Amino acid sequence: MAVERSRRDALVMAAFEQIADRGFEGLRTREVAGQVGVNIATLHYYFPTKEALIRGVVDHAMSRFRSTLTPHGSSPAQLRDHLRAVRKLLRDEPQLGAVMVELTLRSARDDTIAAILRETYAAWHRTMRGLLRHGAREGGLSPELDSDGVAALVVATLTAMMLPTITASPQADLALRQLERWLGLRPAPAASSN
């Protein structure tokens, strides 16, 4: 079972890297299989269609974004930390944004990829909406906050930051700081120097 999981993950990473390096049009399943050291039939055992492989790539990318959510602290602190961690993640792993932008562009011409991304962004939206609702109940955010609308704004802002021209610009940091101020999120406490 661990070997199967490892092989499946290796196929996803090979596809992820191809999309990051060459775009969706450069994704070749035979090359993905060859890069992992398996034949195309083995790739199809794990991913019967190219769309299934793309779903694996998107799942991997979203797991990277989910890794920025911390399970501790107040909801407002979790939200603040998520915003900052996503910004850092996109700077540290530019391939992540490149892959998501590439798939988003492709989704305009591919209904299957569009459906995958709609599901993905809907899940991210629900997570943000939950944090906002909890934050309002805890008193750390305004109780009048439209959690659905603000969740959409947060996801849209973070999604825009995946664009290479935005990721590399100082406006991305300005946008996040403004979003934090608008939400009334307190700055993270300074680390103690023991």
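Residues numbered from 1 in each chain as written. Predicted model: local features only at pLDDT ≥ 70, side-chain atom pairs only at ≥ 80, totals over all residues. Heavy atoms only, no water.

Asks: Explanation requested: the packing of helix α5 (residues 75-92) against helix α7 (residues 111-138) in the structure shown.
Replies: How two helices sit against one another is set out by the angle between their axes and by the gap between those axes. Following both chains from N to C, one finds α5 and α7 inclined at 140°, their axes separated by 7 Å at the closest point. In terms of orientation, α5 and α7 fall into the oblique class. On the side of α5, the interface is formed by S75, P76, Q78, L79 and H82, while α7 contributes W124, M128, L131, L132, H134, G135 and E138. Per-class residue counts for the contact of α5 with α7 are six nonpolar, five polar and one charged. (Axes fitted to C-alpha atoms, helices over the stretch in contact; angles between N-to-C directions. Helix = DSSP H or I, 4+ residues; strand = E, 2+ residues; numbered from the N terminus. Parallel < 35°, antiparallel > 145°, perpendicular 65-115°, else oblique. Contact = heavy atoms within 4.5 Å. Nonpolar A, V, L, I, M, F, W, Y, C, P; charged D, E, K, R; others polar.)

Asks: What exactly am I supposed to notice about the pattern of salt bridges here?
Replies: Working definition: two side chains of opposite charge can pair if their charged atoms are close together. Under the counting rule described, the total for this entry stands at 12 salt bridges. For R22, the salt bridge identified is with E31, shortest N-O distance 2.7 Å. Here D92 makes a salt bridge to K88, at a shortest N to O gap of 2.4 Å. With a gap of four residues between them, D92 and K88 both fall in helix α5, about one helical turn apart. Here K88 falls in the partly exposed class, since its relative accessible area comes to 47%. One network of salt bridges, in which partners are shared, links E25, R106 and D110. (Salt bridge = Lys/Arg side-chain N within 4 Å of Asp/Glu carboxyl O. Buried < 20%, exposed > 50% of the residue type's maximum accessible area, 1.4 Å probe, protein only.)

The analysis is restricted to geometry; functional conclusions fall outside its scope.
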